[in-house]
Amino acid sequence: MLRRSIFPTRALSRSYATTTHPHALVFLEHRQGVLDSGSLSALTAAEQLGGKVTGLVVGAPEHVQGVVEKARKLKGLTSILHSASSQYAEPLPETVSPLLEKLLSGSTPFTHIVSSTSSFAKSLLPRVAAKLDVPSVSDVTSVAHDASSNSTTFTRPIYAGNAIATVRAPSSIPLKFFTVRGTAFTAAQAQDSSQAEASSIEPVEVSDSPTEHIKSTFTKSDRPDLGVAGRVVSGGRALKNAETFASTLYPLADALGAAVGASRAAVDAGYADNSLQVGQTGKVVAPELYMAVGISGAIQHLAGMKDSKLIVAINKDPDAPIFQVADIGLQADLFEAVPELVEKLKA
């Protein structure tokens, strides 16, 4: 696989504490008190740096303490900073970034700032990095820190996953910002023996935020969450319409205990909600089983699922590109094959 090396070398004038021992600050996201699975993967990545790891939790007063108590037991965390404010109830980059800037200004002990590759973090970390005049690396799949040179090397996919870039952040970059691809790192687990020290920090009030949170709309489902499911059944444009998509895929997903996904073509056609989109511009998944039903296998879709452990494709077109990455391929009419498969699974 093609590998490209990128070496940022621009000198920086901002002064920071110098140390060869990494100390990572991990932004721990949560939704109404429930820790995000991507943040647990980011914690694992931070632990691989080989130094101290501090977690940062922000949120509404009624949620923060519960999240902190859960986070204190996570493997790899050495300490936790938390800040509670009503303005963090629905966090926005414009309201959270001043707090992060304050923590990282002056003689900060932190050397790395880590988060999952979520929509929020992809806006927050580059914003703060730009304010501090340092670069940010996104969607990394591996990380290694060299204490002797105080440099950190990352790998990240480029060109829709067809190439891997190797990026080295040298010691001249005092703060190294990066976001983590959740499927590339195992989620950190809770341990009864772990009890990270927790400290409260004052929020930085923002009175003139240019952005206001109006509402959050979520797709409710009894099926597993697409981003972390061990099994995924995805459908493409060949499913004709939303009704056929549901009547064909949902019974199969339920029989397998799987999450439901969709190709961009299916989402654009209105067959499925955009929260179910798998691919370069959707979610990146790496389940134990990925079933592609009526999906041709465009490069943008493959970028979001080709790291799956077992790929099964059902398509009546023998030349469909999906068969080139599939471990098991069935050339058949999906409207005949899927109901028959559901019957056998239920038998």
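Our structure's up above, just so we're on the same page.
What you see is a predicted model, and the numbers here were worked out from it, not measured in a lab.

Criteria and thresholds
Residues numbered from 1 in each chain as written. Predicted model: local features only at pLDDT ≥ 70, side-chain atom pairs only at ≥ 80, totals over all residues. Heavy atoms only, no water. Helix = DSSP H or I, 4+ residues; strand = E, 2+ residues; numbered from the N terminus. Rg over C-alpha atoms; globule rule 2.2 N^0.38 Å. Buried < 20%, exposed > 50% of the residue type's maximum accessible area, 1.4 Å probe, protein only. Contact = heavy atoms within 4.5 Å. Salt bridge = Lys/Arg side-chain N within 4 Å of Asp/Glu carboxyl O. Axes fitted to C-alpha atoms, helices over the stretch in contact; angles between N-to-C directions. Parallel < 35°, antiparallel > 145°, perpendicular 65-115°, else oblique. Left-handed = near helix turned anticlockwise from the far one by under 90°. Nonpolar A, V, L, I, M, F, W, Y, C, P; charged D, E, K, R; others polar.

Trainee: Help me understand the overall build of the protein chain in this model?
Mentor: In terms of helices and strands, the protein chain carries nine helices and 18 strands. In terms of C-alpha radius of gyration, the protein chain reaches 22 Å, essentially the compact-globule figure of 20 Å for 347 residues. Over its C-alpha atoms, taken along the principal directions, the protein chain stretches across nearly 65 × 45 × 45 Å. Scored against the burial criterion, the 347 residues of the protein chain give a buried share of 48%. Counting contacts in the protein chain only where the partners sit at least 6 residues apart, residues at least 24 apart contribute 69% of the total.

Trainee: How should the pattern of salt bridges be read in this particular structure?
Mentor: Following the criterion strictly, the structure yields eight salt bridges and no others. Two residues, Arg264 and Asp268, come together in a salt bridge whose shortest N-O distance is 3.3 Å. Here Asp268 and Arg264 lie together in helix α6 (residues 264–268), a separation of four residues that amounts to about one turn. We classify Arg264 as partly exposed; its relative accessible area is 46%.

Trainee: Would you mind showing me how to read the packing of helix α3 (residues 93–104) against helix α4 (residues 119–131) here?
Mentor: For any two helices packed against each other, the geometry comes down to the angle between their axes and how far apart the axes lie. Contact geometry for α3 and α4: axes closest at 9 Å, N-to-C directions at 45°. For the element pair α3 / α4, the angle class is oblique. In this structure, α3 crosses over α4, and the sense of that crossing is right-handed. Mapping the contact onto sequence places Pro93, Glu94, Val96, Ser97, Leu100, Glu101 and Leu104 in α3 and Phe120, Ser123, Leu124, Arg127, Val128 and Lys131 in α4. Looking at side-chain class alone, the contact of α3 with α4 contains seven nonpolar, two polar and four charged residues.

Trainee: Quick question: what am I supposed to make of the packing of helix α5 (residues 242–256) against helix α9 (residues 334–346) here?
Mentor: Closest axis-to-axis distance for the α5/α9 pair is 9 Å, and the angle between their directions is 30°. By the criterion of interaxial angle, the relationship of α5 to α9 is roughly parallel. The handedness of the crossing between α5 and α9 is left-handed. On the side of α5, the interface is formed by Thr244, Thr248, Pro251, Leu252, Ala255 and Leu256, while α9 contributes Leu334, Phe335, Val338, Leu341, Val342 and Leu345. Here the residues of the contact of α5 with α9 are counted per class, giving 10 nonpolar, two polar and no charged.

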